[in-house]
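# Chain and residue survey
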Amino acid sequence: MPIVKYPRATEPLWHEWDGKAQKRGLRHTVYAVNGDQYTGEWLDNLKHGKGTQVWKRTGAIYSGDWKFGKRDGYGSYSIPDPVTKEYKKVYTGWWKNDRKCGYGATFYPGGERYEGEWSGGLRSGWGRMYYRDGSIYEGQWLVDRPGGQGMLRLPNENRYEGGWKDGKKHGPGKFFYLDKGQLFEGIWAADIPKCGILIDFGRDEAPAPTQYPIPKIELADPDGVLAEAQAMFDDSQN
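Residues numbered from 1 in each chain as written. Predicted model: local features only at pLDDT ≥ 70, side-chain atom pairs only at ≥ 80, totals over all residues. Heavy atoms only, no water.

### Examining the environment of isoleucine 79
Its place among the elements puts isoleucine 79 in strand E5 (residues 70-80). On the accessibility criterion, isoleucine 79 (31% relative accessible area) is partly exposed. Remark: the alpha-carbon pair of isoleucine 79 and valine 54, spanning 25 residues in sequence, is separated by 9.8 Å. Sequence-distant contacts of isoleucine 79, that is, excluding residues within four places in its chain, are made with Ala60, Glu86, Tyr87, Lys88 and Val90. (Helix = DSSP H or I, 4+ residues; strand = E, 2+ residues; numbered from the N terminus. Buried < 20%, exposed > 50% of the residue type's maximum accessible area, 1.4 Å probe, protein only. Contact = heavy atoms within 4.5 Å.)

The structure is reproduced here in structure tokens:
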């Protein structure tokens, strides 16, 4: 009985070449047409896993986690100093879909820095901001500005504790004038105290107390007057 031999099927050469061209797993540095370069892991031609990206135009560097071509996970972003050319860390923390998301720290020019929560690339949630003048804000953030409950401590140790809206004191709050030994408790609107009570507070320990104590209130119904004024200005429940 005759034996029939069939030729072995072979894949076209372009299949082999295309397979070799696909970027998967750990690869050496890959250069883009614009000069950007990436060293790290790939999946289906997308940056995926651990890797480092260098942008040629700005010199910025991101090193950390990637997911389907976007920064996603934990990583740090740095830029070169325009004078010394040394790299300065701008952000280190968590990312999602190429934006800051989760807990992270950002370092601003002039020594300011923020440590806290992010959402969609904006400060959102709980965080602490260190300002250039020595002030520190700690509390809630909304759309990149203080919003909710928070405390602002000034360089002279005076502090405000209470509500915030659009980056300004708003709603019920307390302002401790520790340098003078006084406490104001009341309602704020757009950074302006609208009504409240000012009392002596730690006056004997204050470094620069007022010359005279605050006199006693002589109104017939001070609590009623204050409650009426507070009801007029307090929109914190709205």
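Next, the rest of the story.
### Side note on the pairing of strand E6 (residues 87-96)
A regular strand carries its side chains on alternate faces of the sheet. Bridge count between E5 and E6: 8 bridges; the pairing is antiparallel. Within E6, the position partnered with proline 80 by the bridge is tyrosine 87. Turn length for the E5-E6 hairpin, with the two strands adjacent in sequence and antiparallel, is 6 residues, and the turn residue lysine 85 shows positive phi of about 70°. One ladder, built from 5 bridges, connects E6 with strand E7 (residues 99-107); its direction is antiparallel. Residue pairing for E7: glycine 93 is matched across the bridge by glycine 104. The hairpin turn running from E6 into E7, its antiparallel successor, is 2 residues long, and asparagine 97 in that turn takes a positive phi close to 55°. (Pairing = 2+ DSSP bridges.)

### Overview of the packing of aromatic side chains
Per the counting criterion, the structure on display carries 18 aromatic pairs. Here the guanidinium or amino end of arginine 159 rests over the ring plane of phenylalanine 176, the centre of that ring lying 4.1 Å away. (Phe/Tyr/Trp six-rings, centres within 6.5 Å; stacked < 30°, edge-to-face > 60°. Lys NZ or Arg CZ within 6 Å of the ring centre and 35° of its normal.)

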